[in-house]
Amino acid sequence: MALQSTWFFLWGLLWAVYFMTDGFDFGVGTLYPFLGKTDHEKKTMIASIGPVWDGNEVWLITAGGVTFAAFPAVYATMFSALYTPLMLILFALIIRGVSIEFRNQIESQAWKRVWDTCFFIGSSVPALLFGVAFANIFKGIPIDENGIFHGNLLTLLNPYGLLGGVEFLLLFMLHGALWLGLKTQGDLHDRAARTAEKLWPLVLVFTLVFVVASYFSTDLFVNYFAHPALFLVIIITVAAIFGIRVYLKKGAFVLAWAASSLTIVGATFFGVIGLFPTLFGSSMDAAYSLTAFNASSSPLTLKIMLGVVLVFIPLVIAYQVWAYSMFMGKITDEDLDHGEGY
Amino acid sequence: MDVVFLSRLQFAAATMFHFLFVPLTLGLSVILAIMETQYARTGDEDYLKMTRFFGKLFLINFVVGIVTGITLEFQFGTNWSRYSEYVGDVFGSLLAIEATTSFFLESTFIGIWIFGWKKLSAKAHAAVMWMVALAGSLSAIWILSANGWMQHPVGYVIRNGRAELDDFFAVIFNKFALLEMVHTLPASYIFGAFVVMGISAYHLLRKHEVELFTKAFRLSLTVGLVCSVISFITGDLHGIHVAEVQPAKLAAMESHWETQERAPILLIAIPDEENERNLFEFGRLPGLLSFLATHDFNAVVTGLKDIPKDERPPVLITAVAFKTMVGLGTFFPLITFILWVKRKKLMESPLLLKIMVYSIPLPVIAIEAGWILAEVGRQPWIVYGMMKTSDAASPIGGAQVLVTLIGFILVYGLLGAVGYFLMFKHARKGLVSA
């Protein structure tokens, strides 16, 4: 039981870290056509995530891999039931990755316009769809006792699912705007800061609406009312949103971005805690739900994987922090002129 | 539409496309690391220039490899959920370990390498490329151990209606997987070496930067020669193990129908699977298949007729793939040996240089053929002897798989076209831009 519960929360943590890291990459890509007015500014925006986006994306691979290793039945059912949205996300991630690399290989307006569009779609579509997918997971999905999905893409695009999509998109856009505030200077920086200020009230409102909607559309609050101390997670998340506002006003972008990171982790955990121990709930019958206890791997596999994760994830965090700190500071013209393509 | 067939096509398209790029990432990262180390050690600017030149090629190739790898990890869940549920306890952990121990390292350090030229010393920057190379190969090792388990499952028990892990060390020291590693990794390095040699030869033929490209050529020639020999030897050892644990694959490789002593190799054979015979045979070399399978010319080799019909792989594809791989795998040590003998007189051998330009794609063709042999030859099993491919697919509609299959073909086709266009353009242009 303890082992399975530990894995449940590790599973949640990996997704949270993924959203926190790749989230600002998505945000930068979503804001890209609106904030990047000149070619120089566009290059700067791409360069701001250039050294880290690839490493960030591996958190997704790890979250997926760990779902496979620790909860094979969940991995199998979740990804086959969510076939179409997941494939759309994967295709979007493919074109995002290559657009970053390909864009500056050829000096042609038409060429760049194609990859600029791909970069925007490849960033905004996953942001939206991850939100739709997770909101549906919070709500429960029509799967039967054999894990067969009874529905289609439109089943997932219900009002609560769409609300989740918009919420994720807004969170990531704000996260990305703050990252740009942190990494850029001049006009681009000022525009990013103004955008962050405009996005902030939207994030606050949609987060509150999402929490209220979750009360009516999901069973997430059962755990909260059983253990009222858990409400702290919601309070901390909302406080973090106000923290963003405070630091943004002061122009302290590092802290504002950190507060935004906390908001994203908090928002993810709001759902994860509410779900426990359900990983993939059935809206047809609770008996068909896959939980940490009925869908996990054998104790041996869970123990070995726990060992691997406890040794290597701290190591990963250590060298990723090192990488981030190496590329701290504003993007300069010198940074853009390194001849490697992007 | 048949979900199993469509899902197989989709997985084949996605893996084969992915593996057009991966071997070059593996091979070129090692060669770049050697080049950059030479620069850090000697201060010879030529090595820096070639690191930058081939580095740009590497990055275009790298990104296509990375983005197409992501879909593969998720396809086990989307298209093969019955398989994932049944074997996830063993198989899933290998993929998860790959991500945590290797893929993170590779992806984080590649970012540092691209953007860290001015932030790190020459030595530290070269060390970063070594980390990328190491992580890439480590990553391949974990993936190959996962594939090795599908080829020859070990260290598990059937419990709770699924395969559960019983002995982790048996899984990671699976002989089949180890043989795949010592065969596939050097094969990938051969591709890296052939790309550098081929592009260098192209510019040597045009007398561009002769000194620099001669250095690059010789450096990668050494890698190519050593790895061709290793890959040849390990391929032979791998064959013996296949004969032992996958007799159906071995028989299909050689369109071998009758169980017999002194089993022959046929240089050309067109199998007639319906009537269990070969329509056409040419070039019978008696005893050679027995030798290949056991290193004994007189040994008995099981024929396809003694394997139940529903446990035989498609013979023609398996056989063609095998012959392609072996033919090319024999060419690589020969040509690299000849080049090594003439390494001091490269400029006087334009024919050899020309051969190397046109040989660029050969290693990747051999590698793809090797994978077709490994995967098609394993059919009808998804996990050899344990689970059939037909029982492994997801309970989903064929229509959505058809749509994504078309999507894969279009997107990957376009991606491949653009990627290769950019690489060709850069390779041809030479150092003017670097």
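Residues numbered from 1 in each chain as written. Chains lettered and ligands numbered in written order. Predicted model: local features only at pLDDT ≥ 70, side-chain atom pairs only at ≥ 80, totals over all residues. Heavy atoms only, no water.

**Student:** How should I be thinking about the overall build of chain A in this particular structure?
**Tutor:** Regarding its fold elements, chain A presents 14 helices and two strands. Its C-alpha atoms give chain A a radius of gyration of 20 Å, near enough to 20 Å, the size a compact globule of 342 residues would have. Looking at chain A as a whole, 65% of its 342 residues qualify as buried. The long-range fraction of contacts in chain A, counting pairs at least 24 apart against all pairs at least 6 apart in sequence, stands at 80%. (Helix = DSSP H or I, 4+ residues; strand = E, 2+ residues; numbered from the N terminus. Rg over C-alpha atoms; globule rule 2.2 N^0.38 Å. Buried < 20%, exposed > 50% of the residue type's maximum accessible area, 1.4 Å probe, protein only. Contact = heavy atoms within 4.5 Å.)

**Student:** Where do I start with the overall build of chain B in this structure?
**Tutor:** For chain B, the helix and strand inventory stands at 13 helices and eight strands. In chain B, which comprises 434 residues, the proportion classed as buried is 62%. The contacts in chain B between residues at least 6 apart in sequence include a share of 78% that link residues at least 24 apart. For chain B, the exposed surface amounts to about 16500 Å²; the carbon and sulfur share of it is 67%. The positive charge centre, built from 34 side chains, and the negative charge centre, built from 34, are 13 Å apart in chain B. (Areas by Shrake-Rupley, 256 points an atom, 1.4 Å probe, with all protein chains shown as cover. Lys, Arg positive; Asp, Glu negative; His and termini not counted. Charge placed at Lys NZ, Arg CZ, Asp CG, Glu CD.)

**Student:** Just checking my understanding: could you explain the packing of aromatic side chains for this structure?
**Tutor:** For any pair of aromatic rings, the description consists of the separation of the ring centres together with the inter-plane angle of the planes. In total, this model carries 73 aromatic pairs over all chains according to the counting rule given. For the pair A:F8 and A:F276, a centre-to-centre distance of 5.0 Å together with 80° between the ring planes defines the contact as edge-to-face. With a gap of 268 residues between them, A:F8 in helix α1 (residues 2–35) and A:F276 in the loop between α12 (253–275) and β1 (278–280) connect regions that are remote in the sequence. Linked through ring pairs, A:W15, A:Y18, A:F19, A:F26, A:F130, A:F134, A:F138, A:Y160, A:F168, A:F172 and A:F210 together constitute an aromatic cluster. Taking the ring centre of B:W340 as reference, the NZ or CZ of B:R343 above it sits at 4.3 Å. Its end group placed over the ring of B:W381, B:K388 keeps NZ or CZ at 5.1 Å from the ring centre. (Phe/Tyr/Trp six-rings, centres within 6.5 Å; stacked < 30°, edge-to-face > 60°. Lys NZ or Arg CZ within 6 Å of the ring centre and 35° of its normal.)

**Student:** How do you make sense of the pairing of strand β5 (residues 277–285) of chain B when you look at a structure like this?
**Tutor:** The side chains of a regular strand alternate between both faces of the sheet. All names here are of chain B. In terms of strand pairing, strand β4 (residues 265–272) meets β5 through seven bridges, oriented antiparallel. Bridging from a neighbouring strand, I270 pairs with F280 of β5. Counting the residues that bridge the hairpin from β4 to β5 gives four residues, and of these E276 lies at a positive phi of roughly 55°. (Pairing = 2+ DSSP bridges.)

**Student:** Help me out: how do you make sense of unusual backbone geometry in this one?
**Tutor:** Peptide bonds are trans in most cases, and residues, glycine excluded, mostly fall at negative phi. A cis geometry characterises the amide bond from A:F276 onward to A:P277, with omega recorded as 0°. Note on placement: A:P277 falls in the loop between α12 and β1. In this chain, B:Q379 is followed by B:P380 through a cis amide linkage whose omega measures 5°. Even without being a glycine, B:E209 presents a positive backbone phi close to 40°. With respect to the helices and strands, the residue B:E209 is situated in the loop between α6 (175–205) and α7 (210–245). On the basis of relative accessible area, B:E209 is assigned to the partly exposed category, the value being 37%. One non-glycine residue, B:R262, adopts positive backbone phi at about 45°. Mapped onto the secondary structure, B:R262 falls in the loop between β3 (260–261) and β4.

**Student:** Can you help me understand the environment of B:V226 in this one?
**Tutor:** All names here are of chain B. Along the polypeptide, V226 turns up in helix α7. Exposure remark for V226: the relative accessible area of 44% places this residue in the partly exposed category. Here the alpha-carbon distance between V226 and I190, two residues 36 residues apart in the chain, equals 8.8 Å.

**Student:** Even after reading the chapter, I still don't get the nonpolar core, so can you show me in this structure?
**Tutor:** For soluble globular proteins, nonpolar side chains are generally found buried alongside one another. A:W7, A:F102, A:F130, A:F280, B:F54, B:Y83 and B:F217 are the most contacted members of the largest nonpolar core, which has 260 residues in total. Ignoring sequence-local partners within four residues, the contact set of A:W7 consists of A:V66, A:A70, A:F71, A:L302, A:M305, A:L306 and A:V309. Counting 13 residues, the second-largest nonpolar core is a separate cluster that includes B:A243, B:L250, B:M325 and B:A369. (Core = buried A, V, L, I, M, F, W, Y, C linked by side-chain atoms within 4.5 Å.)

**Student:** How do you make sense of the pattern of salt bridges when you look at a structure like this?
**Tutor:** Should their charged atoms come close, side chains of opposite charge can pair. Residue and element names in this part refer to chain A. Evaluation of the coordinates by the stated rule reveals 19 salt bridges over all chains. Of the charged contacts in the structure, one is a salt bridge between D116 and R103, with a shortest N-O distance of 2.5 Å. Of this pair, D116 sits in helix α6 (residues 109–139) while R103 sits in the loop between α5 (83–102) and α6, placing them 13 residues apart in sequence. By relative accessible area, which is 2% here, R103 ends up buried. (Salt bridge = Lys/Arg side-chain N within 4 Å of Asp/Glu carboxyl O.)

**Student:** It is not clear to me how the pairing of strand β2 (residues 162–165) of chain B should be interpreted in this structure. Could you clarify?
**Tutor:** Residues and elements named next belong to chain B. The side-chain alternation of β2 yields two buried faces, one formed by R162 and E164 and the other by A163 and L165. Two elements, strand β1 (residues 156–159) and β2, share four bridges in a ladder whose sense is antiparallel. Directly across from Y156, in β2, lies its bridge partner L165. Counting the residues between successive antiparallel strands, the hairpin from β1 to β2 contains two residues, one of them, N160, with a positive phi of roughly 55°.

**Student:** Can you help me understand the interface of chain A and chain B in this one?
**Tutor:** Interfaces are often sized by the accessible area lost when the parts come together. Facing the 64 residues of chain A at the interface are 71 residues of chain B. With both sides pooled, the region where chain A packs onto chain B buries about 6000 Å², and carbon together with sulfur makes up 75% of that total. Here chain A and chain B share zero salt bridges between them. The interface formed by chain A and chain B holds 14 residue pairs in polar contact (both at pLDDT 80 or more) in total. Considering every element that reaches the side of chain A that touches chain B, the biggest residue donor is helix α3 (residues 53–70) of chain A, with 14 residues. A breakdown of the residues in the side of chain A that touches chain B according to their chemical character gives 40 nonpolar, 17 polar and seven charged. (Buried area = accessible area lost by both parts, 1.4 Å probe. Polar contact = N/O pair within 3.5 Å; in protein donor to acceptor, adjacent residues only side chain to side chain. Nonpolar A, V, L, I, M, F, W, Y, C, P; charged D, E, K, R; others polar.)

**Student:** Please explain the side chain of A:D54 as it appears in this structure.
**Tutor:** Within the secondary structure layout, A:D54 lies in helix α3. Here A:D54 sits buried without a salt bridge, and the closest side chain of opposite charge, A:R96, lies 7.4 Å off (N-O distance). When residues no more than four places from it in sequence are discounted, the contact partners of A:D54 are B:F62, B:I66, B:S107 and B:I110.

**Student:** Would you mind going over a nonpolar patch on the surface with me for this structure?
**Tutor:** Residue and element names in this part refer to chain B. On the surface, L267, I268, I270, L279, F280, F282 and L285 cluster together to form a nonpolar patch covering roughly 650 Å² of accessible area. Broken down by secondary-structure element, the contributors of at least two residues to the nonpolar patch are β4 and β5. Per element, the largest residue contribution to the nonpolar patch is four residues, and it comes from β5. For L285, the location among the structural elements is in strand β5. (Patch = residues over 30% accessible without salt bridge, like charges linked within 9 Å, V, L, I, M, F, W, Y side chains within 5 Å.)

**Student:** How should the packing of helix α1 (residues 3–42) of chain B against helix α2 (residues 45–79) of chain B be read in this particular structure?
**Tutor:** The relative placement of two packed helices is expressed as an angle between their axes plus a distance between the axes. Residues and elements named next belong to chain B. Their axes nearest at 7 Å, the elements α1 and α2 cross at an angle of 150°. Classed by the angle they form, the pair α1 and α2 counts as roughly antiparallel. Pair α1 / α2 crosses with left-handed handedness. Broken down by class, the residue content of the contact of α1 with α2 amounts to 19 nonpolar, 16 polar and two charged. (Axes fitted to C-alpha atoms, helices over the stretch in contact; angles between N-to-C directions. Parallel < 35°, antiparallel > 145°, perpendicular 65-115°, else oblique. Left-handed = near helix turned anticlockwise from the far one by under 90°.)

**Student:** In this structure, what is going on with α12(A)? I would like to understand it.
**Tutor:** At 3.6 residues per turn, the α-helix brings residues three or four places apart onto the same side. Over its 23 residues, α12(A) runs 33 Å from end to end, which matches the ideal 33 Å to within 8%, given 1.5 Å per residue. Where burial is concerned, most of α12(A) is hidden: 18 out of the 23 residues are buried. (Expected span 1.5 Å × (residues − 1).)

**Student:** Just checking my understanding: could you explain α5(A) for this structure?
**Tutor:** Its 20 residues give α5(A) an end-to-end C-alpha distance of 28 Å, which sits within 8% of 28 Å, the value for a rise of 1.5 Å per residue. Across the 20 residues of α5(A), 18 count as buried, placing the element largely inside the fold.

**Student:** What should I look at first to understand the side chain of B:S81 in this one?
**Tutor:** Here B:S81 is to be found in helix α3 (residues 81–115). Leaving out residues up to four positions away in the same chain, B:S81 has contacts with A:A76, A:S80, B:F76, B:A392, B:A393, B:S394 and B:P395.

**Student:** Is there a simple way to think about the environment of A:L248 in this case?
**Tutor:** All names here are of chain A. Within the fold, L248 resides in helix α11 (residues 231–250). On the basis of relative accessibility, which here comes to 4%, the residue L248 falls in the buried class. Residues L248 and W111, spaced 137 residues apart in sequence, show a C-alpha to C-alpha distance of 36 Å. Those residues in contact with L248 that sit more than four places away from it in its chain are L178, A196, E197, F253 and A256.

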